[in-house]
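# Structural features, examined
Spelled out, the chains give:
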Amino acid sequence: MSAVQMNVRLDDALKASGDAVLARYGYTPSQVVRAVWEQLVLGDRIPAVLKHRLDQRRFDEGRDEARGSVEEDEGIRLVTEFYRRFDISEPAESFDYETLREEAAEERLREWELS
């Protein structure tokens, strides 16, 4: 297996803080990056918690740099503003429409005592 080196630019403070968290759990940055790439390949999609963070970051960086549609950006802005206005912590995980629909269906089946 051939290996490829990746170079990533991070703020010094962010890198130091992130390295400290990884060290507490006994991991290296390389191990974490490998695990993320493996998860991308296994799931053939970006994990929900990462997608939520990336979408939020994209919104924070401004509309000009955003690649999503205006409607997506507006939705992110509205949800973020809702959490801020009511001082509610944002969930650690984000769900796509299909996941939410499945969870709602499962909840309904439990209510009807069919599951």
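In this text the structure is predicted, and so the values were computed from the model without any measurement. Every chain's residues receive numbers from 1 upward, in the order its sequence appears when written. With the structure being a predicted model, the display of local features is reserved for residues of pLDDT at least 70 and the display and counting of side-chain atom pairs for 80 or more, all residues being used for whole-chain, interface and lining totals. Working from all heavy atoms in the structure, the side-chain values ignore hydrogens and water.

## Observations regarding the pattern of salt bridges
Here is the rule we go by: When a carboxyl oxygen of Asp or Glu is within 4 Å of a side-chain nitrogen of Lys or Arg, the pair counts as a salt bridge. Helix and strand assignments come from DSSP, with helices taken as H or I runs of at least 4 residues and strands as E runs of at least 2, each series counted from the N terminus. A simple rule labels every residue: compare its accessible area, found with a 1.4 Å probe on the protein chains alone, to the largest value its type can have, and call it buried under 20%, exposed over 50%, or partly exposed in between.
Taken as a whole and judged by the stated rule, the model has four salt bridges. Between Asp-19 and Lys-15 there is a salt bridge, with the nearest N and O atoms lying 2.4 Å from each other. Here Asp-19 pairs with Lys-15, and both are found in helix α1 (residues 12–25), just four residues apart, close to one helical turn. Among the residues examined, Asp-19 registers a relative accessible area of 27% and is labelled partly exposed. One salt bridge connects Lys-51 with Asp-55, and the closest N-O pair in it is separated by 2.8 Å. Placement of both Lys-51 and Asp-55 in helix α3 (residues 48–60) is noted, with a separation of four residues, approximately one turn of the helix. Residue Lys-51 is classed as partly exposed on the basis of its relative accessible area, which comes to 41%.

All we've got here are geometric facts, nothing functional implied.
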